[in-house]
Amino acid sequence: MRIILYIFTSIFLTVSAFVYTIQECEDLYLLIGNTNGDMIMRTALALAVICLIIIAVIAIVKKEKHRIVKSVICFAVSGAMLYCIGISGFLSRPYTYYGFTSPDEKYTVIAGEWSWLQGGGIEFYERTNPFFVKRIGNFSTDDGYEPIKNNDYSVKWSENEMIFTANNGNAVYETLNIVAGN
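Predicted model only: the values in this text are computed from it and were never measured.

1. Topic: a nonpolar patch on the surface
Phase 1 of the analysis: The grouping of Ile3, Ile4, Tyr6, Ile7, Phe8, Ile11 and Val15 at the surface amounts to a nonpolar patch, some 610 Å² of accessible area in total.
Phase 2 of the analysis: Position of Ile11 among the secondary structure elements: in helix α1 (residues 2-25).

2. Describing the sheet that holds strand β2 (residues 35-36)
Phase 1 of the analysis: With respect to topology, 6 strands assemble into an open sheet ordered β2-β1-β6-β5-β4-β3, the strand pairing being antiparallel. Among the strands making up the open sheet, the edge pair consists of β2 and β3 (95-101).

3. Notes on the side chain of Ser102
Phase 1 of the analysis: Along the chain, Ser102 falls in the loop between β3 and β4 (108-116).
Phase 2 of the analysis: The contacts of Ser102, once residues within four sequence positions are left out, are Tyr107, Trp157 and Glu159.

4. Some remarks on the packing of aromatic side chains
Phase 1 of the analysis: By the definition in use, this model includes 9 aromatic pairs.
Phase 2 of the analysis: Ring geometry for Tyr153 against Phe164: centres 5.9 Å apart, planes inclined by 20°, an arrangement best described as stacked. With Tyr153 in strand β7 (residues 153-158) and Phe164 in strand β8 (residues 161-167), this pair connects stretches of sequence that are 11 residues apart.
Phase 3 of the analysis: Put simply, the rings of Phe100, Phe124, Phe139, Tyr153 and Phe164 touch in pairs and so form one group of aromatic residues.

5. What to know about unusual backbone geometry
Peptide bonds are, in most cases, trans, and in most cases residues other than glycine have a negative phi.
Phase 1 of the analysis: Phi at His66 is positive, roughly 65°, even though this residue is not glycine.
Phase 2 of the analysis: Inspection of the secondary structure assignment puts His66 in the loop between α2 (37-61) and α3 (67-91).
Phase 3 of the analysis: Here His66 falls in the exposed class, since its relative accessible area comes to 56%.
Phase 4 of the analysis: Not every positive phi belongs to a glycine, and Asp143 is a case in point at roughly 55°.
Phase 5 of the analysis: Looking at the element boundaries, Asp143 is found in the loop between β6 (132-142) and β7.
Phase 6 of the analysis: By relative accessible area, Asp143 is classed as partly exposed at 48%.

6. Some points on the sheet that holds strand β9 (residues 173-179)
Adjacent strands of a sheet form backbone hydrogen bonds with each other and so pair up, either parallel or antiparallel.
Phase 1 of the analysis: A sheet is described by the order of its strands in space; here 3 strands give the open sequence β7-β8-β9, paired in antiparallel fashion. On the outer flanks of this sheet lie β7 and β9, each paired with one strand and no other. Each strand axis lies, on average, 15° off the axis of its neighbour in the sheet, ignoring direction.
Phase 2 of the analysis: Where β8 and β9 come together, 7 bridges link them in antiparallel fashion. Residue Glu161 lies in a different strand from β9, and its bridge partner there is Val179.

So, how was this worked out
- Residues numbered from 1 in each chain as written.
- Predicted model: local features only at pLDDT ≥ 70, side-chain atom pairs only at ≥ 80, totals over all residues.
- Heavy atoms only, no water.
- Patch = residues over 30% accessible without salt bridge, like charges linked within 9 Å, V, L, I, M, F, W, Y side chains within 5 Å.
- Areas by Shrake-Rupley, 256 points an atom, 1.4 Å probe, with all protein chains shown as cover.
- Salt bridge = Lys/Arg side-chain N within 4 Å of Asp/Glu carboxyl O.
- Helix = DSSP H or I, 4+ residues; strand = E, 2+ residues; numbered from the N terminus.
- Pairing = 2+ DSSP bridges.
- Contact = heavy atoms within 4.5 Å.
- Phe/Tyr/Trp six-rings, centres within 6.5 Å; stacked < 30°, edge-to-face > 60°.
- Buried < 20%, exposed > 50% of the residue type's maximum accessible area, 1.4 Å probe, protein only.
- Axes fitted to C-alpha atoms, helices over the stretch in contact; angles between N-to-C directions.

Written out as structure tokens, the structure is:
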């Protein structure tokens, strides 16, 4: 049972490290449906924490040799990972994703709209493969305003260029040209 828990812990840590490395080094963002890479990293770390806590409890209950050292290490690592999960969860922006497809259906731009505290905005992405997207633009709003959610925007396409116009939260409409397919 412990071997399986060690294997699962390793898998969860590897998934988290892989997603983090790709997002930081390759400038790609994991996006599967409405679930982004940050959520997947936090979930993988939380599952690794659960495995480590179970390993520690098994060591204590079965009165294994070196159970105190093993338990202290497992609980300390779990505590550090929970701290990282908490900080990451607090600092992460809650995104809602929308897709905009060109009339000829050759191009799709994904808009990740966020509102957190007194800030807001939209990150625009182009899908590079079924799992990853690449950031191609952004639009800032004031006071956490969400123009897409409030249907206060317009989109026009000109071949591979999306012209996005929206209220920035101050009743001022700004336009952003986003080129897809580059």
